[in-house]
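So the chains spell out like this:
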Amino acid sequence: MNPVTEDRAPEPLTEYAHRLTRRVRAFDRRHPLLWDLHITGFWVTAALIDYAGGGWRHNAHNLDVPGWLLLTLSLGLSIPLLWRRTHPRAVLAAMALFALANAWTGAALQAALLQLAVVYHIALRRALRNLWWATALVIAPVLVSVARHGEGTWDQQLGSQLMSITVAALIGITVRTRRNHTEALEDRARRLETERDQQAQLATAAERARIAREMHDIIGHNLSVITGLADGGRYAAAKSPERAAQALDAIATTSRQALTELRRLLDVMREDEQNQADLTPQPGLTDLDQLLDGVRSAGLPVHTTTHGSPTLPPGRQLTVYRVIQEALTNTLKHAGPGATAQIELSYEDKGAVTATITDTGNAGRADAPAPDGRGLPGMRERTALYGGTLEAGPRPHPEQGWRVRLHLPEENPQ
């Protein structure tokens, strides 16, 4: 038979054991005192059975120990386990007194071995340097027993007790290490989840800002053009019906173009991947003529001057296009009647470009940033992506009008 490489499902018994362990730990976290009472009650019962049943006689060095002392030692070596998790050092110190009495009288009760459980909790919950004096406390009764009753050799008794202490401490250290590792992994998972949520929020905010800029560019510019065409058509309706009809045609064309760009933008925002979005590319320098035709038809004469050959990547082309669009939109809104616009484009090597847009409108106007952070602030954000600068303000005296200057430096080699 060929070997099977598929992962096997967990065995039912193993899965049941893991599930039972998780439930026990969850119960312990919710009701620690109740769990401690159960554990302590179990060992107290075992110690009393050893005392009442006479099992202690098999290991005792002295069979004449009074019954009341045996009962006291049995309870003193088991009841303190109730506080083993909260005060393990105090518990071990208290048990050590009964363990010394147990060794001195020769009763040799097996309940003395419960000190190892406390050693485990010291290794689990306290600084490891506490194991030195804890070891001394646990070994002291062994030394007393050997010195007083003389059964067995020193190396046998000490070696056996040291081995037991070492095993209990190693188990505590192992559990502690695993617990710390698990807590570190859980903390890292929480931090990664928090960072992921923060990154998602930042990405969402950046995407919203990008969409807001696009919406402003599309709606603001096209509505400005439509408003200019509508005003011109209204004045021409009485004297020149043909000009009015041309204005209406231009309004229809501009409106369709705006609707197309809005549909494309909204399609990109859709999460339904089955609906194929219109993949019309973002506008670039090749679309400047169409933009300028629309502005001219709205009544703003625009002249262009170009130096060099445009060899810009799409992202830089979109930035130049949007800056020119925003500048001309502001001119349509604020320049007043009779204004003209001039665009000067200078293309340099390695993607550097300078665009200067001036107009002869009312110099006293303020193309102030929109209160919602769009307009020129949005253009500055686009420009900053490529390490460029954007300046906007009145033209120097005695010239009249407004000037917007964009400069994108050379592309940095990757």
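Above this text you will find the structure in question.
Each chain carries its own residue numbering, running from 1 in the direction its sequence is written. Confidence filtering applies because this is a predicted model: local features only for residues at pLDDT of at least 70, side-chain atom pairs given and counted only at 80 or more, and all residues used for totals across whole chains, interfaces and linings. Side-chain calculation: all heavy atoms of the structure are included, whereas hydrogens and water are not.

**Q** Explanation requested: the nonpolar core in the structure shown.
**A** In a soluble, globular protein the nonpolar side chains are often hidden away together inside. Within the largest apolar cluster, 29 residues are counted, with the highest numbers of intra-cluster contacts made by Val302, Val320, Ile324, Leu328, Ile343, Leu345 and Ile357. Of all elements in the fold, only α9 (288-297), α10 (314-334), β2 (341-347), β3 (353-359) and β5 (402-408) reach the threshold of two or more residues within this core. Note on conventions: DSSP H or I runs of at least 4 residues are helices, E runs of at least 2 residues are strands, and numbering of each starts at the N terminus. Top contributing element to this core by residue count: α10, with six residues. Contacts are assigned to residue pairs that have any heavy atoms within 4.5 Å of one another. Discounting residues that sit within four places of it in the chain, Val320 has contacts with Leu285, Leu312, Leu345, Val353, Leu406 and Leu408. If you look at the next biggest cluster of nonpolar residues, it comprises 22 residues, including Ala112, Leu116, Leu131 and Ala169. Buried residues of nine kinds, namely Ala, Val, Leu, Ile, Met, Phe, Trp, Tyr and Cys, make up a nonpolar core once their side-chain atoms join them within 4.5 Å. Residue burial is assigned from relative accessible area. The probe radius is 1.4 Å, only protein chains are included, and a residue is buried under 20% of its type maximum, exposed over 50%, and partly exposed in between.

**Q** What is the right way to read unusual backbone geometry from this model?
**A** For residues other than glycine, phi is negative in most cases, and the peptide bonds are mostly trans. The residue Ala108 is not glycine, and still its phi comes out positive at about 55 degrees. One can find Ala108 in the loop between α4 (88-105) and α5 (115-125).

**Q** Looking at this model, I keep getting lost on a nonpolar patch on the surface. Mind explaining?
**A** A residue counts toward a patch only above 30% relative accessible area and without a salt bridge, and it is joined to like-charged neighbours within 9 Å or, for Val, Leu, Ile, Met, Phe, Trp and Tyr, to nonpolar neighbours within 5 Å. Here the accessible surface of atoms and residues is derived via Shrake-Rupley with a 1.4 Å probe, and residues count as covered only by protein chains that are part of the display. What counts as a salt bridge is simple: a side-chain nitrogen of Lys or Arg found within 4 Å of a carboxyl oxygen of Asp or Glu. On the surface, Leu13, Tyr16, Leu20 and Val24 cluster together to form a nonpolar patch covering roughly 390 Å² of accessible area. In this fold, Tyr16 is placed in helix α1 (residues 12-30). Using a relative accessible area of 45% as the deciding quantity, one classes Tyr16 as partly exposed.

**Q** Got a minute to help me understand helix α2 (residues 32-52) in this structure?
**A** Side chains three or four residues apart in an α-helix point the same way, a direct result of the helix having 3.6 residues per turn. To estimate the expected span of a helix, count its residues, drop one, and scale the result by 1.5 Å. Between its first and last C-alpha atoms α2 spans 30 Å; for 21 residues at 1.5 Å apiece the expected length is 30 Å, and the two agree. Buried residues of α2: Asp36, Thr40, Val44, Ala47 and Asp50, and no others. Along α2, the residues classed as buried sweep out an arc of 115 degrees about the axis, all on the same side. α2 presents His38, Phe42, Ile49 and Ala52 as exposed residues on the side facing more than 90 degrees away from its buried surface. Elements in contact with the buried residues of α2: α3 (67-76). At the exit of α2 stands Gly54, carrying a positive phi of roughly 80 degrees. This arc corresponds to the set of directions leading from the helix axis out to the C-beta atoms.

**Q** Which parts of the structure should I look at to understand the pairing of β2?
**A** On any regular strand, side chains alternate: one points to one face of the sheet, the next to the other face. Along β2, the buried face is formed by Ala341, Ile343, Leu345 and Tyr347; none of Gln342, Glu344 and Ser346, which line the opposite face, is buried. Both strand β1 (residues 302-307) and β2 contribute to a ladder of six bridges, which runs parallel. By the bridge assignment for β2, Val302 is matched with Ala341. Read as a crossover between parallel neighbours, the route from β1 over α10 to β2 is left-handed. Think of it this way: DSSP has to see at least two bridges between two strands before they count as a pair. Crossovers are described as right-handed under a simple rule: with the strands pointing away from the observer, the path leading from the first strand over the helix to the second runs clockwise.

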